[in-house]
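Residues per chain are reported as follows:
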Amino acid sequence: MTSLSRTSELPRVSTALLDAAPATDSRFPLVDEDTGRHRFRVHRSTMTSPEVFRAELDRVFSHSWLYVGHESEVSRPGDYVRRPVGGRPVFMVRGAKSGRINVFHNTCTHRGAVVCRQPAGNAKAFSCFYHAWTFDSEGRLMGIPDRDAYGGELDLAALSLRPVARVESYRGFVFASFDPEIQDLVSYLAGAVEYLDLVIDSADGEMEIIKGTNEYCIEANWKLLAENSIDGYHAVSTHDTYFKYLLALGTDLAGGVDGTSYDLGNGHAVLEYRAPWGRPIAKWEPLFGEDSREEIARMRADLVSRHGEARGSRMADTNRNLLIYPNLVVNDIMAVTVRTFMPLAPNRMDVTAWELAPRDELAQLRQRRLDSFLTFLGPAGFATPDDLEALESCQQGFSSGGVEWNDISRGMARTPAANDEAQMRAFWRRWSQQMGTAGYGGGAGASR
Amino acid sequence: MTTTTGAPAAPAVQPAPIIRLSQPDVVLGLDALGRSQVEDFLCLEAELLDAWDLDTWLTLFAPEASYVVPCNDSPDGDPARDLVLVDDNALRLRLRVERLNSRRAHREYPHSRTNHQFSNVVVGVREGDELPVVASFTVWRFRNGKASYYVGKYHYRFVAIDGRLRIRSKRVVLDMTTLRPAGDLAIIL
Ligand code: FES
Ligand SMILES: [Fe+2]
């Protein structure tokens, strides 16, 4: 990671309304930082304004690396999954010839119909049902019924499925960007690489997405979930019933949650902390049962011998809530979640979450991992519904008006702890930078 | 419920007095149980859930209780291998009820108003000591001015304990392709 990549400006597409507004004295930044006074404020119009929302689709989601899926979801040639990325329907397919992962815009080059119409599967060819143009898994146009009608000049290559401008993957995590000029993925990921490595190396590089997807929705601004996913401050108050659940199962809650947060560059941030719950890799606790105690001790020793005491014990004992800007969360806690979310409106987002686990995990540990995921991270569990309630409650609170700013100053006057808000400030600084002139209020109608 | 000044407001819905439906005794044994008796039981269960009388609802289960809801995209999901939405044994089911009874389950405090509806009840043929029953359901959930719904099929396995019908397992398969229309699943289906 270079300092250049941290600060490099992305190309901007003009956002007519806001850019055209004359720069008057009434214009003010929506993200307002005053280090001298240890004050960091975010204007609530960032969560409610339709203009801000439209500018985000352009400036944030069209110029970032966005998570598409995991390579394990398309392990064999011809395997595919269909899903929206950045709000646009695309599909990811492993090319039968190249073995490469392709991500295509899900639209026929003839007259537009959706080409991949199943959520997932394996296919030799994708045939558009409308007029039966047929594409192979590398996107090449293979067949057009009644081709003579076009004469001899038809350029088949030019009519291939259109790949998304940039596709790269990092150790199994596939990302795409609609910006052809965006920096390479590893530079973009900056300090987040170290944290992805911790997850992946702890499973010896062999991870898979488990079958079963959590697809839910929250009637709140998407940035509230970015904040919430790395918010250590809310755990005790919001998730009281989850901790009671752990207690009832014999977990020792003494020691609580203790750790630090880091700004990883480019808007990415992480919380790293110790917590009472167990970790399938590799921190035993009574909930896991006596029969898995030895296996977890063996895994822990293995991590230490492979990675040294410092890194090995960090993998085994500490939890990480990682936010990869703008909308990917990889939380390595009592289970590992890969969660992405996309705004549909200023006050509504779709959330999609998968569970990531080591391939070939011992059945009883896999069972504990599944239990941990659904009870804490799942939308029918003992915690996540209360996060939804908190986020929707904030969104409803914003509409009450009267208060214009959210305060995100916690920890500015000290070395940030895991229950401070430094990690959120990292997100907001990058957001403000990327939004540029669209990250201002006042002037064109907004009131201060 | 005690009311003290400054305490949080009581839930908006004060359940109306309930006329308890009688629980069908399995005097005839599982083989001879008719659909109307099974429907009486399902009515009682729906009534208890809608009245948020979850402690009584728990008593409808056999000690080896299981309550499972697969993810929307994997209706055949196996809780031993796959990620599911709910995978409760008797202990976790009791803890789920304790959570929902508390005032700290923020998503369900105050409680939603719900309406559990079932139809298309098919009573299967006894398998060992179990009677399989399948029914369609719609559960409506109303809260904070918002209406949401859950639609799918109940797959029950009933057993007879001391002459009473009891649920050994309840598997709830959702027909919605995602959970998005409902937001989350904090309630019991
Ligand atoms: S739109 Fe696909 S073949 Fe015509
Ligand atoms: Fe939370």
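Before reading further, recall that the structure is shown in the block above.
Residues numbered from 1 in each chain as written. Chains lettered and ligands numbered in written order. Predicted model: local features only at pLDDT ≥ 70, side-chain atom pairs only at ≥ 80, totals over all residues. Heavy atoms only, no water.

(A) Here's a closer look at the overall build of chain B. Along its length, chain B carries 3 helices and 6 strands. Tracing chain B from N to C terminus, the helices and strands come up as α-α-β-β-α-β-β-β-β. When the 189 residues of chain B are sorted by exposure, 47% land in the buried category. Relative to all contacts within chain B whose residues are 6 or more apart in sequence, the contacts with residues 24 or more apart total 61%. (Helix = DSSP H or I, 4+ residues; strand = E, 2+ residues; numbered from the N terminus. Buried < 20%, exposed > 50% of the residue type's maximum accessible area, 1.4 Å probe, protein only. Contact = heavy atoms within 4.5 Å.)

(B) Quick peek at empty space enclosed by the protein. All names here are of chain A. In total, this model carries 4 cavities of 30 Å³ or more according to the counting rule given. Its volume calculated, the largest cavity comes out at about 310 Å³. Around the largest cavity, the lining comprises 25 residues; the ones closest to its centre are N228, H234, H239, N321 and F376. Among the elements of the structure, β15 (214–218), α7 (222–229), β17 (268–274), α11 (363–377) and α12 (384–398) are those that each provide at least two residues to the lining of the largest cavity. Here the second largest cavity is characterised by a volume of approximately 80 Å³. Looking at the second largest cavity, the residues that line it are V199, S202, M207, R279, P280, I281, D332, I333, M334, A335, V336 and R369. In terms of residue class, the lining of the second largest cavity is built from 8 nonpolar, 1 polar and 3 charged. (1 Å grid on protein atoms, 1.4 Å probe; cavity = no way out; pocket = protein on both sides within 12 Å on 5 of 7 lines; lining within 4 Å. Points joined across faces, edges and corners; volume = space filled by probe spheres on them. Nonpolar A, V, L, I, M, F, W, Y, C, P; charged D, E, K, R; others polar.)

(C) Here's a closer look at the sheet that holds strand β9 (residues 125–127) of chain A. Residues and elements named next belong to chain A. Ordered by their spatial adjacency, 3 strands build an open sheet running β9-β10-β11, and the pairing between neighbours is antiparallel. In this open sheet, the two edge strands, each paired with only one partner strand, are β9 and β11 (141–143). Looking at each pair of strands side by side, their axes are set apart by 35° on average, direction ignored. Where strand β10 (residues 134–136) lies against β11, 2 bridges are found, and the strand directions are antiparallel. (Pairing = 2+ DSSP bridges. Axes fitted to C-alpha atoms, helices over the stretch in contact; angles between N-to-C directions.)

(D) Inspection of the pairing of strand β6 (residues 164–174) of chain B at higher detail. Residue and element names in this part refer to chain B. The buried fraction of β6 is high, at 9 of 11 residues. The sheet contact formed by strand β1 (residues 61–70) and β6 spans 4 bridges and is parallel. The partner of F61 across the bridge, within β6, is I167. If you look at the hairpin formed by strand β5 (residues 146–161) and β6, you'll find 2 residues sitting between the two strands, and D162 has a positive phi there, around 50°.

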